[in-house]
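The residues making up each chain are set out below.
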Amino acid sequence: MSRTDATSHRRIPMTERNTNSMHRFPYINREVNDVFAKEKMHLDYIVLRPLILVVYFFVRILIFPLKFVFHRVPFGFEAYVIDWWMSFGMKYLARHDAAELMLRHVQIEPLLYRHVLATQNGSPPKKGRKLNGIDGDFSVETIEEVTQHKMTIGHDLLSYELVDRFDKDSFLENVNWIRKQEILDHEMFSKKALEFNKKHSFQLLGVTNIVLLVVFTITVFGDLRTTMTALNSFGSDSILLWCLKLLYIDDREAQVTLDFFMQEVNNRGHYNSSAFFSNPNQYLYYHIVFDEVVYDMLKNRPPTMAVA
């Protein structure tokens, strides 16, 4: 069975169309669409992903009451254990495109926040700590640096730093100046750690399962405060979305794309999600993907000056 492709006017077998376009969405940039389309063909996505979701559902119900009683504050080992598992998965389990997407996300997010926080007459930002803080250095030379600098918890805290630092009046005052600025290139940060993935990984897990396991690990090993901080770190997305809709206020096509990231389930309508009902897929499809789309938009479709 076949059907005619409207663009090329040639007849394409249905099986080919299912493989190449079934899981590709117009509001997601091509690179991420490619990762998702290929991932859905792998056995780990078909078999392991549902299992992780089911197990996570029951573990979450059991573990949060225990945390509330016995593990309300950090004991000191939490960040190390979380990042040890993160680095282990990145080095030995993740497929290369998954490891690359995860590392790129860690590097892209602070650049997006720097972009919307920039002011025309502002003082140069203070140099932040390695893999921590919006103004930090996010080069990752070795896998060991992930654990050494507590990358996972530091990454989650970026959301709260943006909320604390963002000033609406300042942004509106500088919005036309920001439109003229080119966002910094994430290639300025080293990705040398990915070479360890190429050399050592068994290439077993795609990005969906890697994200699910990161959320699972934080939920199990984090103290109550750390876990709730991580599971609730979406306030920055709502600020970033608001900024982008203003930057692209005269670009109707960009506005349509941005509207697809406004669903309430994606924390646009509220700022406190329940630890018992939060969806772990949310971190991939509404957070990582959102940052990828926004970065690609700023890099390859610069906003035009608003008409007075």
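Everything in this summary refers to the structure shown in the same document.

1. Points about the packing of helix α13 (residues 252-259) against helix α14 (residues 282-300)
Then, in step 1: Closest axis-to-axis distance for the α13/α14 pair is 11 Å, and the angle between their directions is 170 degrees. Relative to α14, the element α13 is oriented roughly antiparallel. Counted together, Ala254, Thr257 and Leu258 of α13 and Val293, Val294 and Met297 of α14 form the full contact between these two elements.
Then, in step 2: Residue composition of the contact of α13 with α14, by class: 5 nonpolar, 1 polar and no charged.

2. A look at the nonpolar core
Then, in step 1: Judged by nonpolar contacts, the single largest core of 76 residues is most densely connected at Leu112, Val207 and Leu244.
Then, in step 2: In terms of residue count, the dominant contributor to this core is helix α5 (residues 96-117) (12 residues).
Then, in step 3: In this structure Val207 touches Val35, Phe36, Glu39, Ala98, Leu101, Met102 and Leu284, once residues within four positions along its chain are discounted.

3. Digging into the packing of aromatic side chains
Then, in step 1: Counted under the stated rule, the structure contains 17 aromatic pairs.
Then, in step 2: Taken together, a centroid distance of 5.7 Å and an interplanar angle of 50 degrees make the contact between Phe171 and Trp242 tilted. With Phe171 in helix α8 (residues 168-180) and Trp242 in helix α12 (residues 235-247), this residue pair connects regions lying 71 residues apart in the sequence.
Then, in step 3: Taken together, the ring pairs in this structure connect Phe25, Tyr27, Phe260, Phe261 and Phe290 into an aromatic cluster.
Then, in step 4: Taking the ring centre of Tyr45 as reference, the NZ or CZ of Arg49 above it sits at 4.2 Å.
Then, in step 5: Over the aromatic face of Phe68 sits the side chain of Arg72, whose NZ or CZ is 4.4 Å from the ring centroid.

Thresholds, definitions, all that
- Residues numbered from 1 in each chain as written.
- Predicted model: local features only at pLDDT ≥ 70, side-chain atom pairs only at ≥ 80, totals over all residues.
- Heavy atoms only, no water.
- Axes fitted to C-alpha atoms, helices over the stretch in contact; angles between N-to-C directions.
- Helix = DSSP H or I, 4+ residues; strand = E, 2+ residues; numbered from the N terminus.
- Parallel < 35°, antiparallel > 145°, perpendicular 65-115°, else oblique.
- Contact = heavy atoms within 4.5 Å.
- Nonpolar A, V, L, I, M, F, W, Y, C, P; charged D, E, K, R; others polar.
- Core = buried A, V, L, I, M, F, W, Y, C linked by side-chain atoms within 4.5 Å.
- Buried < 20%, exposed > 50% of the residue type's maximum accessible area, 1.4 Å probe, protein only.
- Phe/Tyr/Trp six-rings, centres within 6.5 Å; stacked < 30°, edge-to-face > 60°.
- Lys NZ or Arg CZ within 6 Å of the ring centre and 35° of its normal.

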